[in-house]
Amino acid sequence: MPEPRIYKNYINGEWVESVSKRSFENRNPADSREVLGIFQKSNQQDTEMAIGAAREAFNKWRLVPAPKRGEILFKIAEILIKRKEDYARQMTQEMGKVLKETRGDVQEAIDMSYYMAGEGRRQFGFTTPSELPNKFQMSVRMPLGVCAMITPWNFPMAIPSWKIMPALVCGNTVVIKPATDTPLSAYNLVKVCEEAGVPKGVINLVTGSGSEVGLPLMSSKNVKVVSFTGSTEVGRKVSEACAPDFRHVHLEMGGKNAIMVMDDARIDLAVEGALWGGFGTTGQRCTATSRVIVHKKVMKEFTDKFVAAAKSLKIGNGLDPMVEMGPSINESQLKTVIEYVSIGKEEGAKLLCGGNRLTSGNYQYGFFHEPTIFGEVDPQMRIAKEEIFGPVVSIIPCDSLEQAIEINNGTIYGLSSSVYTQDVNRAFVTMRDAYTGIFYVNSSTIGAEVHLPFGGTNQTGNGHREAGIAGIDVFSEWKSIYVDFSGKLQKAQIDA
Ligand code: UN1
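Since this is a predicted model, take the numbers as computed values, not measurements.

E108, N154, F155, I159, W162, R285, C286, T287, I446, G447, A448 and F454 make up every residue found near the ligand. One nitrogen or oxygen atom from the side chain of N154 is found 3.2 Å from an oxygen atom belonging to the ligand. Residue C286 places a main-chain N or O atom 2.9 Å away from an oxygen atom belonging to the ligand. Summarising the interface, the protein chains cover 98% of the accessible area of the ligand, which totals 320 Å² for the free molecule.

Structure, rendered in structure tokens:
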């Protein structure tokens, strides 16, 4: 095997080694013998240098006209299109999801770059009449400064792009720390930013652990916004780190998403949706379908078909075009899956298929687990309430739409949900009453597009959304401007 390539941090427009002189390996979860690269195990000093560079660069970047910033984003999209296949293959190798999904991940970064490029010529504020004569008023958006991004491994290029592109087009500068399991895809994206002409210091990449890079990043007084996608546990730490001085926090965390299958649903369509939502990305999406709430009248038909479909899924290395589901991201995630399978059994749920780690043949080198379905699950069981982030789906019976909605809404999360019904009235009732940030009719719980707000209610987030115009809101600050051209002091609320 050739020596693995060494990848560096990107700070102030230079590719540099960590001052720690330490590094870590990026391994393939489908075959952990394969090392994809050596990355910098950075520390607080590296992080502070990156924040310093971003601070310095902010003063110039904020004054570059937004349409010009948008043009650079447009170039990013154009370069990504040319590299899509290469980057998708590298992503499959570093995080395991199948090639057609990693192509989608790069595509999402392309979409977001184009979308935010257009925002260079919009970033709309508004004008509105004054209550006084000869007075003009408007609201404009202004950038905040240095934005820190802490991004997850499940969408290793798409999610960094959701944060980087709106931040840049608004005139902010960036320090990004990607997940240690997937530094390569973030590296590729930052490399493209450099090539497209993002000036030095405007974007900085620091790889390494949460404790050595993430913590100093979220704790720095010079960071104005922290945008984080990941676990609820770490999200709480981000919130706490920023609370004392009220620095802005955007959080995108867990989900326990459900599909509701009504007795009038097209069952084959619902089965397809549950399969894609439950086992796509090996169940490792924030938007994954981990619960299917099924009307008792169609329970048998749905369950038989869903279980048969899950059993026939081809599991393996995502580079093989026949493979439909890849491995879990790492040993510890796989252990979580195994643990939840035993919890489900102990709680008395009925194991309908799967339930085992795959260890034969080449599976032994990766973190593979069978697609697993539990039936007769009670909404109060832990497997129905806690996020598993793996290929485990719980089927929960219900008697009515009202009950389905109650079960759907009865978790601490609120990211995504969906209903399968042929009845337009039921569809609208569910659209109104499902308390999730994303909702689908006759489709799975996954499939968000970049120009609509993405995020959830309850403990999924902290009230913010990313993507679409909502993403611009996270990375800009409103300024209301009043221009009095009356030539005298006019008092609002007081002068008639
Ligand atoms: C995530 O689940 O972490 O809608 C992101 C989807 C994708 C994005 C998912 N477009 O599932």
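From this point, things continue past the structure.
Moving on, we get to the packing of aromatic side chains. Each pair of aromatic rings is reported with the distance of its centres and the angle of its planes. As enumerated under the stated definition, the model contains twelve aromatic pairs in all. Both rings, one in W153 and one in F389, keep their centres 5.6 Å apart while their planes meet at 80 degrees; by these two values the pair is edge-to-face. Of this pair, W153 sits in the loop between β7 (146-150) and α4 (158-169) while F389 is found in the loop between α11 (382-385) and β16 (392-398), placing the two residues 236 residues apart along the sequence. For the pair formed by W153 and F389, the shared burial category is buried. In this structure an aromatic cluster arises from ring pairing among Y7, Y10, W15, F24, F39 and Y187. Positioned above the aromatic ring of W61, the side-chain terminus of R69 is 6.0 Å from the ring centre. Between the NZ or CZ atom of R122 and the centre of the ring of Y115, over which it lies, the distance is 6.0 Å.

What follows deals with the sheet that holds β16. What links the strands of a sheet is backbone hydrogen bonding, and the strands pair in either a parallel or an antiparallel sense. As summarised here, the arrangement of the seven strands in space is β14-β15-β16-β13-β12-β17-β18, forming an open sheet in which the pairing is mixed. Each edge of the open sheet carries a strand with a single partner, namely β14 (350-353) and β18 (438-441). Each strand of the sheet is rotated relative to its neighbour by a mean of 20 degrees, with strand direction disregarded. Lying over the sheet, helix α9 (residues 299-311) contacts β12 (257-261), β13 (289-295), β14, β15 (372-375) and β16, oriented at roughly 175 degrees with respect to β16.

The next subject is the domain arrangement of the protein chain. Annotation of the protein chain at the domain level lists domain 1 (9-253 + 461-480) and domain 2 (257-441). Using only C-alpha atoms to locate each centre, domain 1 and domain 2 end up separated by 31 Å. At the junction of the two partners, domain 1 supplies 25 residues and domain 2 supplies 27 residues. Between domain 1 and domain 2, roughly 2,100 Å² of surface is buried when both sides are summed, and carbon and sulfur atoms account for 61% of that area. Considering only the surface of domain 1 that becomes buried against domain 2, P29, E101 and W153 emerge as the three largest contributors, covering 25% of it. Inspection of the domain 1/domain 2 interface yields one salt bridge. In this structure, E101 engages R285 in a salt bridge whose closest nitrogen and oxygen atoms are separated by 4.0 Å. Along the contact surface separating domain 1 from domain 2 lie six residue pairs in polar contact (both at pLDDT 80 or more). For the side of domain 1 that touches domain 2, the secondary-structure elements that each account for two or more residues are β4 (31-40), α2 (66-95) and α3 (99-119). In terms of residue count, the dominant contributor to the side of domain 1 that touches domain 2 is α2 (five residues). Residue composition of the side of domain 1 that touches domain 2, by class: eight nonpolar, eight polar and nine charged.

Conventions used here
Residues numbered from 1 in each chain as written. Predicted model: local features only at pLDDT ≥ 70, side-chain atom pairs only at ≥ 80, totals over all residues. Heavy atoms only, no water. Near = heavy atom within 4 Å. Polar contact = N/O pair within 3.5 Å; in protein donor to acceptor, adjacent residues only side chain to side chain. Areas by Shrake-Rupley, 256 points an atom, 1.4 Å probe, with all protein chains shown as cover. Phe/Tyr/Trp six-rings, centres within 6.5 Å; stacked < 30°, edge-to-face > 60°. Helix = DSSP H or I, 4+ residues; strand = E, 2+ residues; numbered from the N terminus. Buried < 20%, exposed > 50% of the residue type's maximum accessible area, 1.4 Å probe, protein only. Lys NZ or Arg CZ within 6 Å of the ring centre and 35° of its normal. Pairing = 2+ DSSP bridges. Axes fitted to C-alpha atoms, helices over the stretch in contact; angles between N-to-C directions. Contact = heavy atoms within 4.5 Å. Domains from an automatic or database assignment. Buried area = accessible area lost by both parts, 1.4 Å probe. Salt bridge = Lys/Arg side-chain N within 4 Å of Asp/Glu carboxyl O. Nonpolar A, V, L, I, M, F, W, Y, C, P; charged D, E, K, R; others polar.

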